[in-house]
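Chain by chain, the residues:
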Amino acid sequence: MPTGTNGHVPALAAENATAAKHVGVKHSSSYLDVSAVEDFAAAPAKRMRLDNVCTLLEDKVAVQASENEIAEVVIVCEPEQASLMMGGLHPRGSLYERPINIDTAKAQHAEFRTQLRAHGLRVLTVREVLAFNVEENFSARVQLEDLVFSLITYDITPGHKMEEFAADDRPYLSDDYKREVIEKMSVSQLVDTVMTNPTVHLTPSYRDTGLTATYTFEPLSNLVYTRDQQITTCKGVVMGRLRSAQRQQEVQVMRFCLRKLGLVPVADMKEPGFLEGGDFFPISQDLAMLGVGLRSNVAAGTQLMEEDLLGTRRFCIVRDDFDQAQDRMHLDCVFSVLSDTCCIMLEDIMGEASPLRRLVDEYVREGEGKPYTLARQGIEFSAFMRSEGFNIIPITTEHQLAYACNVLNLGNSRIISVHTPSARQIVKSPHFKGDVRVIDFSSITSMYGSVHCASQVLRRIPRALIPEKVAVPTATPERLEVMLE
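A quick note: this is a predicted structure, and the numbers were derived from the prediction, not measured.

1. Here we look at the environment of glycine 87
Next, step 1: As for its position among the elements, glycine 87 is in helix H4 (residues 81-89).
Next, step 2: A relative accessible area of 1% places glycine 87 in the buried class.
Next, step 3: Separated by 13 residues in sequence, glycine 87 and isoleucine 100 place their C-alpha atoms 9.3 Å apart.
Next, step 4: Residues within four places of glycine 87 in sequence aside, it is in contact with Ser94, Tyr96 and Ser221.

So, in structure tokens, the structure goes:
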């Protein structure tokens with residue numbers, strides 16, 4: 001596999017062909033990334049079929065064995081005007097930490113996507129995946145219409161009955177009429193409807209058009225955090241099951257996007273399991289971890305093991321038995337992997353004496369297809385990580401509350417952070433040999449998450465495919481000043 005001038009392995013090999021295909025046509029960067037993924041992923045014999053099917057990554061699987069392998073394809077959701085506006089009307093009720101400025105959030109997320117692309121990733125946005133090829137491909141159009149149909153509800157306003165509506169008006173409450181409305185929508189209307197999840201309440205007016213409509217919405221105002229709706233393991237994508245009522249429709253939308261990309265999930269989390277992506281960490285081809293507590297639970301870990309959805313020999317459940325606080329809701333709020341031998345961790349959860357400590361239960365299986373069995377139980381988390389050969393950079397509570405732990409590893413210790421003081425701490429550590437790029441993400445963190453939360457890596461390049469000559473740049477305190485722009 002060829003390497004780039006900066007030692008990056010190119011995410012896709014069809015850039016020039018894609019660019020030529022779109023000469024003279026103005027498209028967003030995400031559109032071009034989705035198109036390039038299509039060109040790269042489809043085998044030559046299947047590229048001709050793309051006029052008849054809606055898949056963009058046919059017969060491909062998502063794979064992620066380690067957070068330190070080179071990220072190739074990531075899906076994000078740029079802040080959506082309508083859904084974010086609604087969520088911003090009452091931030092606390094929308095699971096936000098602070099009030100937000102929509103324009104600032106959009107600009108900061110755009111810079112985040114720019115940084116991801118600068119590191120060689122293909123960056124797919126939910127909006128572009130939903131809209132991709134809908135104008136040109138009738139099958140894609142019909143599939144998007146079906147999704148919208150499932151998300152729009154027509155109902156009779158409470159206190160009224162169908163018998164109150166004139167006979168000529170009753171068809172306008174029907175699924176047939178809803179389908180007719182959807183079929184006339186533009187692509188942007190369809191996508192906006194997905195993002196706002198509307199219910200139309202209908203009352204007889206006895207005049208004019210015979211009906212009065214009022215509206216309620218359940219906007220997908222947290223979909224900007226694309227980490228949580230699913231996890232990506234060595235076996236593929238497993239769809240999650242989210243705790244919060246405000247987020248129930250997100251899994252359906254992300255499942256649609258992944259299927260359109262040809263990444264058919266290998267499983268769905270089932271009741272009584274709760275699974276949120278911010279709790280999952282692939283450590284290596286041998287080990288994966290799931291944090292359980294406020295959001296994910298042990299039942300989710302049990303399903304992952306029983307249905308052989310991990311692809312690793314060992315699996316650790318990291319228990320939050322004593323804390324379960326919103327500021328530390330997911331494992332990625334207090335921990336992250338910086339390299340194969342270095343991680344960051346909230347210092348307040350470290351040590352046997354810590355009242356906030358996490359405890360690790362380790363499960364092991366003897367071979368492919370064999371059941372997992374409990375090997376060790378109740379190991380203090382920092383002690384476990386050290387036993388795995390990791391050096392730990394401790395993060396203070398003050399820095400953790402500013403999302404210092406919620407970094408994104410793009411592979412080979414190329415880190416995106418949102419917190420300058422902890423970035424300085426990381427690059428000054430003798431245990432860290434990579435690069436850190438700091439971006440302003442303050443409007444996005446207002447919604448209770450940072451760059452790890454706001455991204456789902458769908459594919460990382462297995463190390464076996466990377467030539468040994470690929471160089472990893474080394475960060476130093478002197479170089480940090482240049483990187484912290």
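2. Focus: the sheet that holds strand E1 (residues 70-76)
Next, step 1: Read across the open sheet, the three strands follow the order E2-E1-E20; overall the sheet is mixed. Single-partner strands in this sheet number two, and they are strand E2 (122-125) and strand E20 (456-461). Across this sheet, the average inter-strand angle for adjacent strands is 20°, counted without regard to direction.
Next, step 2: In this structure, E1 lies alongside E20, joined through five bridges in antiparallel fashion. Bridging from a neighbouring strand, isoleucine 70 pairs with isoleucine 461 of E20.
Next, step 3: Together, E1 and E2 form the strand contacts of helix H5 (residues 102-118), whose direction differs from that of E1 by roughly 155°.

3. Some details on the nonpolar core
Next, step 1: In this structure, Phe112, Leu116, Met289, Phe335, Phe381 and Met385 are the most contacted members of the largest nonpolar core, which totals 52 residues.
Next, step 2: Breaking this core down by element, the ones donating at least two residues are E1, H5, strand E10 (287-292), strand E11 (314-319), strand E12 (335-337), strand E13 (342-346) and helix H12 (381-387).
Next, step 3: For this core, the element with the highest residue contribution is H5, accounting for four residues.
Next, step 4: Ignoring any residue separated from it by four or fewer positions in sequence, one finds phenylalanine 381 in contact with Met289, Val318, Leu331, Phe335, Met345, Ile349, Arg358 and Val360.
Next, step 5: Formed by 37 residues, the second largest nonpolar core is a distinct cluster that contains Leu147, Met185, Leu190 and Leu220.

4. A few points about the sheet that holds E12
Next, step 1: Pairing is mixed in the open sheet, where three strands are placed in the order E12-E13-E16. The two strands at the open ends of the sheet, each matched to only one other strand, are E12 and strand E16 (391-395). For this sheet, the mean angle separating the axes of adjacent strands, direction not counted, is 20°.
Next, step 2: With three bridges joining them, E12 and E13 adopt antiparallel strand pairing. Paired with phenylalanine 335 across the strands is methionine 345, a residue of E13.

5. Points about the state of the cysteines
Next, step 1: The final tally for this structure, using the stated rule, is zero disulfides.
Next, step 2: Here cysteine 343 is not cross-linked by a disulfide; its sulfur's nearest cysteine counterpart is in cysteine 342, at 6.5 Å.
Next, step 3: Take cysteine 343: its relative accessible area is 0%, and that puts it in the buried class.

6. A word on the packing of aromatic side chains
Next, step 1: The full count for this structure, using the stated rule, is five aromatic pairs.
Next, step 2: For the ring pair phenylalanine 112 and phenylalanine 441, a centre distance of 5.1 Å and an interplane angle of 65° mean the geometry is edge-to-face. With phenylalanine 112 in helix H5 and phenylalanine 441 in the loop between strand E19 (435-438) and helix H15 (442-445), this residue pair connects regions lying 329 residues apart in the sequence. Here phenylalanine 112 matches phenylalanine 441 in class, with each residue buried.
Next, step 3: With a centroid separation of 6.5 Å and an interplanar angle of 45°, the aromatic rings of tyrosine 154 and tyrosine 177 are classed as tilted. In this pair, tyrosine 154 sits in strand E3 (residues 153-156) while tyrosine 177 sits in helix H8 (residues 175-183), placing the two residues 23 residues apart along the sequence.
Next, step 4: For tyrosine 154, a relative accessible area of 21% translates into the label partly exposed.
Next, step 5: Feature note: the residues Tyr154, Tyr172 and Tyr177 constitute an aromatic cluster, connected by ring pairs.
Next, step 6: Cation over ring: arginine 179 sits above phenylalanine 149, and NZ or CZ is 4.1 Å from the ring centre.
Next, step 7: Of note, arginine 241 hangs over the ring of phenylalanine 274, and the distance from its end group to the ring centre comes to 4.4 Å.

7. Considering the pairing of strand E5 (residues 211-217)
Next, step 1: In the sheet, strand E4 (residues 198-204) pairs with E5 via seven bridges, with the strands oriented antiparallel. Bridge pairing in E5 links histidine 201 to threonine 214.
Next, step 2: If you look at the hairpin formed by E4 and E5, you'll find six residues sitting between the two strands, and tyrosine 206 has a positive phi there, around 60°.

8. Regarding the packing of helix H7 (residues 138-151) against H8
Next, step 1: At a closest axis distance of 10 Å, the pairing of H7 and H8 adopts a crossing angle of 130°. When the axes of H7 and H8 are compared, the pair comes out oblique. Crossing handedness for the pair H7 and H8: right-handed. Contacts between H7 and H8 pair Arg141, Glu145, Asp146, Val148 and Phe149 from the former with Asp175, Lys178, Arg179, Ile182 and Glu183 from the latter.

9. Structural notes on the side chain of glutamine 400
Next, step 1: Mapping glutamine 400 onto the fold places it in helix H13 (residues 397-401).
Next, step 2: Polar side-chain contacts of glutamine 400 include one of 3.0 Å to the backbone oxygen of cysteine 333.
Next, step 3: Beyond its immediate chain neighbours, meaning those up to four positions away, glutamine 400 contacts Asp327, Arg328, Cys333, Val334, Leu346, Ile395 and Cys405.

10. Quick look at the environment of glutamine 285
Next, step 1: Along the chain, glutamine 285 falls in the loop between strand E9 (280-282) and E10.
Next, step 2: Here glutamine 285 falls in the exposed class, since its relative accessible area comes to 59%.
Next, step 3: For the pair glutamine 285 and arginine 314, spaced 29 residues apart in sequence, the C-alpha to C-alpha distance is 9.1 Å.
Next, step 4: In this structure glutamine 285 touches Ala65, Gly311, Thr312 and Arg313, once residues within four positions along its chain are discounted.

11. Side note on the packing of H7 against helix H9 (residues 187-196)
Next, step 1: For the pair H7 and H9, interaxial distance at closest approach is 9 Å and the crossing angle is 35°. By crossing handedness, the relation of H7 to H9 is classed as left-handed. Residues Arg141, Leu144, Glu145, Leu147, Val148 and Leu151 of H7 form the contact with H9, whose own contacting residues are Val187, Leu190, Val191, Thr193 and Val194.
Next, step 2: Residue composition of the contact of H7 with H9, by class: eight nonpolar, one polar and two charged.

Definitions and cut-offs
- Residues numbered from 1 in each chain as written.
- Predicted model: local features only at pLDDT ≥ 70, side-chain atom pairs only at ≥ 80, totals over all residues.
- Heavy atoms only, no water.
- Helix = DSSP H or I, 4+ residues; strand = E, 2+ residues; numbered from the N terminus.
- Buried < 20%, exposed > 50% of the residue type's maximum accessible area, 1.4 Å probe, protein only.
- Contact = heavy atoms within 4.5 Å.
- Pairing = 2+ DSSP bridges.
- Axes fitted to C-alpha atoms, helices over the stretch in contact; angles between N-to-C directions.
- Core = buried A, V, L, I, M, F, W, Y, C linked by side-chain atoms within 4.5 Å.
- Disulfide = S-S within 2.5 Å.
- Phe/Tyr/Trp six-rings, centres within 6.5 Å; stacked < 30°, edge-to-face > 60°.
- Lys NZ or Arg CZ within 6 Å of the ring centre and 35° of its normal.
- Parallel < 35°, antiparallel > 145°, perpendicular 65-115°, else oblique.
- Left-handed = near helix turned anticlockwise from the far one by under 90°.
- Polar contact = N/O pair within 3.5 Å; in protein donor to acceptor, adjacent residues only side chain to side chain.
- Nonpolar A, V, L, I, M, F, W, Y, C, P; charged D, E, K, R; others polar.

By themselves these figures say nothing about function.
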